[in-house]
Amino acid sequence: MTVTYTAEVATCRGFGCFLTLLLRWRGSIYKLVWPDLAAFLTLYYCLSFTYRFALQPDQKKVFESISEYCDTYSNFIPLSFVLGFYISIIMQRWWNQYSSIPWPDPIAVFVSSNIHGQDERGRLMRRTIVRYVCLCLTMVFSMICPRVKKRFPTLEHFVAAGLMTESEKSVIIDLNSKFPQHSKHWLPIVWAASIVTRARKEGRIRDDFAVKTIIDELNIFRGKSGLLLQYDMISVPLVYTQVVTLATYSFFITSVIGRQWLDVDEKDPVYGRRRNPIDLYFPVFTTLQFFFYMGWLKVAESLINPFGEDDDDFEINWIVDRNLSVSYLIVDEMHHEHPELIKDQYWDEVFPTELPHTIASEPFKEKIPQPSTANIAVQFATLSNANPSTIKIDELGMADDNQSGIHFSAEGRSSSRLSMHRPRTTSAGSTTSMNNMGSLPRVNSVTSTLKRIFSRENTPATVDGNYPPPGSRLAESQSQTSLTGKYFGGGGGSMRIANQVIEEVDEQATITSMASKKPEVRPTARSLFENSEPIPVPQWRHSVGITSSAPITSMNPPPASRGPSVQSVPSSACITGDTISMTSSNAGDEDEFTRLKEERRRERERIEMASPTPVETNTINTNEIDQRDS
């Protein structure tokens, strides 16, 4: 079984926790290296005694020359590089093999959750599926692991262990006789998939998605089982293993000769290598070098196949027993069973601020983690922006339909001005004046503008092309009503926007308050303009205070592609045939109208004076402007 020491290295104190592991024997490097080290030292001392007591002086000269040669050129073998790269490949392969071991737990959970039925047949289906899954994995283990092979050498042993029945064994034997070249480990997975399909036909699985989920898990299990066989079949290339082995043993064969203590004169120009007298009795650093390099090679030999019988190999027999027990427990004993649903002790608190500690765990109570900039203090004088940028809406002068608009000015590093011309009309058809308002901060301008547009009292034509009765309007939402009443006043006449910040309406509160109400049915653009024919535009007649019958310049209808013309009819208008007469609501509107006309005249004069060239295309008759504004 794999040697584990995780509990002993959980906390490092003093001189470290690895020192306590050096005296272990099982799974240690001493257990792997000691035969090779004993052979190395035996050969080393045999050569040493032979050199000092058995050789003649001429023979000693030959031995000394060979020793010098081996010691000089043994360092040309790149043993550290070859062993290091080889060990990294072996370690990665070792962990990948363990990660490839499939576990039947996900399949058992899906089977228990989706194959319903408390009767004997439902229980039989669930248990058979997980038994086939465990049988597949055990058959794979018996082909790659010597321990499992010794436990289940034949199919009869699978039958005796309860993983296979006699009929299933006969099917496998028959297939092996017909197709002997391939492994049959995948056959139980095919049987399990057939049972899942049968359960769906019998109505024990409620939907096809559950069937697909179980089949996908079975395919994943089969794929990982096949991957284990591929790891067993395709190992690290033999040439690489041979290179590492030859490099290691060649290095130490040359070292056992080249590291001998030679009885030569230190002043000899050929054999004048300095020798330490300690090597005469024991080669200390040569032994350490052999121990480390040979230990590296033995680690690779031990981990290249983790399904063997080494101390650090995987405990596969335990995995076989565990899989079968847990699978049966999930699909049978715990099928549709769970503890009683009761309120937890934090039911009234929603969640605990902190779980309790014992006296032993109180010293290990962790503090709340802080971000890296939590302790950085910024001075108050440095909090202001270096280059502030403000966007204001000023000089909201309104001209006629072609020249009126809202002027935005952006003030920052440059004094450039962006002008945007956009006409606005009230429900009575008059143009809104926003002149001499000063500086209006732009707060949610896009949203507020859209709300103001859709909250106007312009009454569109119905689907059949007729206008609704005068004074009627579409139903407004709460946000529209609040905007209209707060900023635009009542109906009729001209609108005035106070010199204040247009605040955003709390849409979340509006949605929450209207959640219980029946949703309003509002017309859409498609319902307004679909299947509608152009309607004749009436001729407008108007006067201030009295009804006028003098015709005014007729307005050209819009193109047919844009749908019928939609006009706003005020509540004080009188419709007679093709003429419409309009009277002002009160005398205060005359003063307002006069002020608006004067402001427009001044704005027009200012634009004409600021323009470098005479504006010919935008010249409009003053009478037409006065008639339109009225």
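Values in this document were obtained by computation on a predicted structure and should not be read as measured data.

Draft legend 1. Local environment of the overall build of the protein. When helices and strands are counted, the protein shows 19 helices and seven strands. For the protein, buried positions account for 33% of its 630 residues. For the protein, the proportion of contacts with a sequence separation of at least 24, taken over those separated by at least 6, is 71%. Total accessible area computed for the protein in this model is approximately 40,000 Å², and 59% of it derives from carbon and sulfur atoms.

Draft legend 2. Structural context of the environment of His-185. Looking at the secondary structure, you find His-185 in the loop between α8 (166-178) and α9 (187-201). Sequence spacing of His-185 and Thr-138 is 47 residues, and the spatial spacing of their C-alpha atoms is 8.7 Å. Leave out the neighbours within four places in its chain, and His-185 touches Cys-136, Met-139, Val-140, Met-143, Ser-225, Gly-226 and Leu-229. There is a polar contact of 3.1 Å between the side chain of His-185 and the side chain of Ser-183.

Draft legend 3. Up close: the environment of Trp-186. Structurally, Trp-186 can be placed in the loop between α8 and α9. Assessed through its relative accessible area of 34%, Trp-186 is described here as partly exposed.

Draft legend 4. Just the side chain of Glu-592, in detail. For Glu-592, the position within the fold is in helix α18 (residues 588-610). Reaching out from Glu-592, the side chain makes a polar contact with the side chain of Arg-595 at a distance of 2.6 Å.

Draft legend 5. Representation of unusual backbone geometry within the structure. Phi angles above zero are rare outside glycine, and His-336 is one such case at about 55°. Tracing the backbone through its elements, the reader meets His-336 in the loop between α13 (316-333) and β1 (390-393). Judged by its relative accessible area of 39%, His-336 falls in the partly exposed class. Phi is positive for Val-350, close to 70°, though the residue is something other than glycine. Along the chain, Val-350 turns up in the loop between α13 and β1.

Draft legend 6. Focus on the pattern of salt bridges. Scanning the model with the defined rule gives 27 salt bridges in all. Arg-259 is the partner of Asp-71 in a salt bridge, and the nearest nitrogen-oxygen pair spans 3.4 Å. Residue Asp-71 is located in helix α2 (residues 57-73), and its partner Arg-259 is located in the loop between α11 (238-258) and α12 (284-303); the two are separated by 188 residues in the primary sequence. Here the two residues Asp-71 and Arg-259 agree in accessibility, since each one is buried. What emerges from the salt-bridge pattern is a single network uniting Asp-119, Arg-121, Glu-202 and Arg-204.

Draft legend 7. Inspection of the nonpolar core at higher detail. Phe-141, Phe-307 and Ile-316 are the most contacted members of the largest nonpolar core, which has 75 residues in total. Broken down by element, this core gets its largest block of residues, 12 residues, from helix α5 (residues 120-144). If sequence neighbours within four positions are ignored, Phe-141 has contacts with Ile-101, Val-148, Leu-228, Phe-307, Ile-316, Ile-319 and Val-320.

Draft legend 8. Structural context of the packing of aromatic side chains. Applying the stated criterion to the full structure yields 24 aromatic pairs. Consider the rings of Tyr-86 and Tyr-240, whose centres lie 5.1 Å apart with planes at 80°: the pair is edge-to-face. One end of the pair, Tyr-86, is in helix α3 (residues 79-99); the other, Tyr-240, is in helix α11, and 154 residues separate them in sequence. For the pair Tyr-86 and Tyr-240, one class covers both residues: buried. The ring of Phe-49 has Arg-52 sitting right over it, with the charged end atom 5.9 Å from the ring centre. Over the face of the ring belonging to Tyr-328 we find Arg-127, whose NZ or CZ atom lies 4.1 Å from the ring centre.

Draft legend 9. Seen up close, the state of the cysteines. Evaluation of the coordinates by the stated rule reveals zero disulfides. With no disulfide of its own, Cys-136 has Cys-134 as its nearest cysteine by sulfur position, at a separation of 9.8 Å. Note on Cys-136: relative accessible area 0%, which makes it buried.

Draft legend 10. View of the confidence of the model for the protein. Across the protein, the average pLDDT comes to 75, with 63% of residues at or above 70. Here residues 391-443 is modelled with pLDDT under 50, and outside its nearest four sequence neighbours on either side it reaches 132 contacts, counting other chains as well. Low pLDDT (under 50) marks residues 467-511, which in the prediction has 87 contacts with non-local residues, meaning those over four places away or in another chain.

Draft legend 11. Summary view of α8. Between its terminal C-alpha atoms α8 stretches 19 Å, which fits the 18 Å expected from 13 residues at 1.5 Å a residue. Inspection of α8 places Glu-168, Lys-169 and Ile-172 among the buried residues, and these make up the whole buried set. Angular distribution of buried residues about the axis of α8 spans 100°; they occupy a single face of the element. Turned more than 90 degrees away from the buried face of α8 sit Ser-177 and Lys-178, all of them exposed. Of the surrounding elements, those touching the buried residues of α8 are α5, α7 (155-161) and α9.

Draft legend 12. The packing of α3 against α11, seen in detail. Interhelical geometry of α3 versus α11 gives an angle of 140° and a closest axis separation of 10 Å. The pairing of α3 with α11 is recorded here as oblique in orientation. In this structure, α3 crosses over α11, and the sense of that crossing is left-handed. Residues Leu-79, Val-82, Leu-83, Phe-85, Tyr-86 and Ile-89 of α3 form the contact with α11, whose participating residues are Tyr-240, Thr-241, Val-243, Val-244, Ala-247, Thr-248 and Phe-251. When the residues that make up the contact of α3 with α11 are grouped by side-chain class, the tally is 11 nonpolar, two polar and no charged.

Draft legend 13. Molecular detail of the environment of Gly-84. Looking at where Gly-84 falls in the secondary structure, it is placed in helix α3. For Gly-84, a relative accessible area of 23% translates into the label partly exposed. The spatial distance from the C-alpha of Gly-84 to the C-alpha of Leu-297 is 9.6 Å, given a sequence separation of 213 residues.

Draft legend 14. Examining a nonpolar patch on the surface more closely. A cluster of nonpolar side chains, Phe-15, Leu-19, Leu-22, Leu-23, Trp-25, Tyr-30 and Trp-34, forms an exposed patch at the surface whose accessible area comes to about 900 Å². If you trace the backbone, Trp-25 turns up in the segment before α1 (29-54).

Draft legend 15. Molecular detail of the side chain of Ser-100. Mapped onto the fold, Ser-100 is located in the loop between α3 and α4 (105-114). Judged by relative accessible area, which is 6%, Ser-100 ranks as buried. Polar side-chain contacts of Ser-100 include one of 2.8 Å to the backbone oxygen of Asn-96. In this structure Ser-100 touches Lys-224, Leu-227, Leu-228 and Tyr-231, once residues within four positions along its chain are discounted.

What counts, and at which threshold
Residues numbered from 1 in each chain as written. Predicted model: local features only at pLDDT ≥ 70, side-chain atom pairs only at ≥ 80, totals over all residues. Heavy atoms only, no water. Helix = DSSP H or I, 4+ residues; strand = E, 2+ residues; numbered from the N terminus. Buried < 20%, exposed > 50% of the residue type's maximum accessible area, 1.4 Å probe, protein only. Contact = heavy atoms within 4.5 Å. Areas by Shrake-Rupley, 256 points an atom, 1.4 Å probe, with all protein chains shown as cover. Polar contact = N/O pair within 3.5 Å; in protein donor to acceptor, adjacent residues only side chain to side chain. Salt bridge = Lys/Arg side-chain N within 4 Å of Asp/Glu carboxyl O. Core = buried A, V, L, I, M, F, W, Y, C linked by side-chain atoms within 4.5 Å. Phe/Tyr/Trp six-rings, centres within 6.5 Å; stacked < 30°, edge-to-face > 60°. Lys NZ or Arg CZ within 6 Å of the ring centre and 35° of its normal. Disulfide = S-S within 2.5 Å. pLDDT = per-residue confidence, 0-100. Expected span 1.5 Å × (residues − 1). Arc of directions from axis to C-beta. Axes fitted to C-alpha atoms, helices over the stretch in contact; angles between N-to-C directions. Parallel < 35°, antiparallel > 145°, perpendicular 65-115°, else oblique. Left-handed = near helix turned anticlockwise from the far one by under 90°. Nonpolar A, V, L, I, M, F, W, Y, C, P; charged D, E, K, R; others polar. Patch = residues over 30% accessible without salt bridge, like charges linked within 9 Å, V, L, I, M, F, W, Y side chains within 5 Å.

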